[in-house]
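Architecture and fold: a report
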Amino acid sequence: MKKVIVILGPTASGKSDVAMCLAEHMNTQLISADSAQIYRGMDIGTAKPTKEEQTRVMHHMIDIVDVDEPFTVSDFQENAFGIICDLHNYNMSPIIVGGTGLYIHSLVYHLDFTKTQTNHAFRDKMSALIAEKGLDYLYRRLEKKDAGAAARIHPNDEKRIIRALEVLENEGGGERPYDFLKPREDYDFRLFGFNFPREILYDRINQRVDIMMEKGLVGEVKALYETYGSSPVALKAIGYKEIISYLKGDISQEEAVRLIKRNSRHFAKRQITWFKRDKRIIWLDPQEKNCFKNLLSGIE
RNA sequence: GCCUCGGUAGCUCAGUUGGUAGAGCAAGGGACUGAAAAUCCCUGUGUCGGUGGUUCGAUUCCACUCUGAGGCA
């Protein structure tokens, strides 16, 4: 069976460096599974690999769209499998690197996205309905159409309620089977998780945010904000939304930095939660001497 | 040496006219099917500085003591 190596972990876990070393060692290429590095111009705040690094090792799925262009998991799934296929044809074992749980899920599990595409007009309509009649109204509407879906979604989870309705009420929609954790078995996935003890990870995150500021995060965000405004979803990413608040004059720069650090820590925690439940993942601590050796032996 | 004000959750503090305590921040756990760095849910046992006393009962009142800040000598 064709091998696909997956290197995942929370932000600042050092997974990118390891992945690059591994790719060089195996003479193969990387596929980024990172929902923010998809966007052009979002470099510093997403800790995107530098141009030099990208020359050293080919990185796919980076700089795919502009900040105001839509991009979804489904797009990721489709594109990534295309690249996986190409690399296998060249006799390379692709390496997926990233921290976006849903993106990795879309490769490693059997996620069947329905035919119902994003319908922004519909979403806007639903948002307006919420403003008018309250969220329970929409939730009850969902309960009537698909009780199973409603049971799985919390009544406060606005985005999921809207998407569920979008699927039910638009072309190609309808109820869908729910089997979130059905592993894909047509590839030989080798999953490796990188992580540090919590305290060390948090120190690394805090330091990394300081480095981003030194590298000119404010300037990067300012340019994007001036071009695209603050509404694109991409600019809701951590490091971007906080700096935009600062640029608008709502908070001080110190406060923005504090919030970026805090939100990154919370994010890392959520990432860890996401990955914890996949029992196939072999966890490695980058501080350990044999880390890379263990990685290699896990790939054999 | 004397006086005053503090010592309560990881931090900043509130509070109990005596019935063993709660906010903010921080933190922890979880969910996740086309926005996912998004969105959403759950979680507070802490020798109330220490010892003794009064009391049925003390974190609360009293005494002593340790400790921090300020003031007076």
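These notes cover the structure that comes with them. (Residues numbered from 1 in each chain as written. Chains lettered and ligands numbered in written order. Predicted model: local features only at pLDDT ≥ 70, side-chain atom pairs only at ≥ 80, totals over all residues. Heavy atoms only, no water.)

Note on placement: V209 falls in helix α9 (residues 198-215). Taking relative accessible area as the criterion, V209 reaches 3% and is therefore assigned buried. Separated by 158 residues in sequence, V209 and K51 place their C-alpha atoms 20 Å apart. Excluding residues that lie within four positions of it along the chain, V209 makes contacts with V257, I260, K261 and S264. (Helix = DSSP H or I, 4+ residues; strand = E, 2+ residues; numbered from the N terminus. Buried < 20%, exposed > 50% of the residue type's maximum accessible area, 1.4 Å probe, protein only. Contact = heavy atoms within 4.5 Å.)

What follows is about the nonpolar core. Among the nonpolar cores identified, the biggest contains 49 residues, and V6 and M42 are the most heavily contacted of them. Ranked by residues supplied to this core, first place goes to helix α3 (residues 73-89) with 7 residues. Leaving out residues up to four positions away in the same chain, M42 has contacts with A36, K48, V67, E220, L224, A234, L235, A237 and Y240. Counting 17 residues, the second-largest nonpolar core is a separate cluster that includes V18, L22, A23 and F192. (Core = buried A, V, L, I, M, F, W, Y, C linked by side-chain atoms within 4.5 Å.)

Attention now goes to the packing of aromatic side chains. In total, this model carries 4 aromatic pairs according to the counting rule given. Ring geometry for F76 versus Y103: centroids 4.6 Å apart, planes at 20°, classification stacked. Residue F76 is found in helix α3, and its partner Y103 is found in helix α4 (residues 101-108); the two are separated by 27 residues along the sequence. Taking the relative accessible area as the measure of exposure, F76 reaches 0% and is therefore buried. Here F180 and W274 contribute two aromatic rings whose centre-to-centre distance is 6.4 Å and whose plane-to-plane angle is 70°, an arrangement assigned as edge-to-face. Separated by 94 residues along the polypeptide, F180 in the loop between α8 (158-169) and β5 (188-194) and W274 in helix α12 (residues 253-276) bring together distant segments of the chain. Assessed through its relative accessible area of 21%, F180 is described here as partly exposed. Pairwise contacts between aromatic rings join F81, Y187 and F189 into one cluster. (Phe/Tyr/Trp six-rings, centres within 6.5 Å; stacked < 30°, edge-to-face > 60°.)

By themselves, these are just geometric observations and shouldn't be taken as functional.
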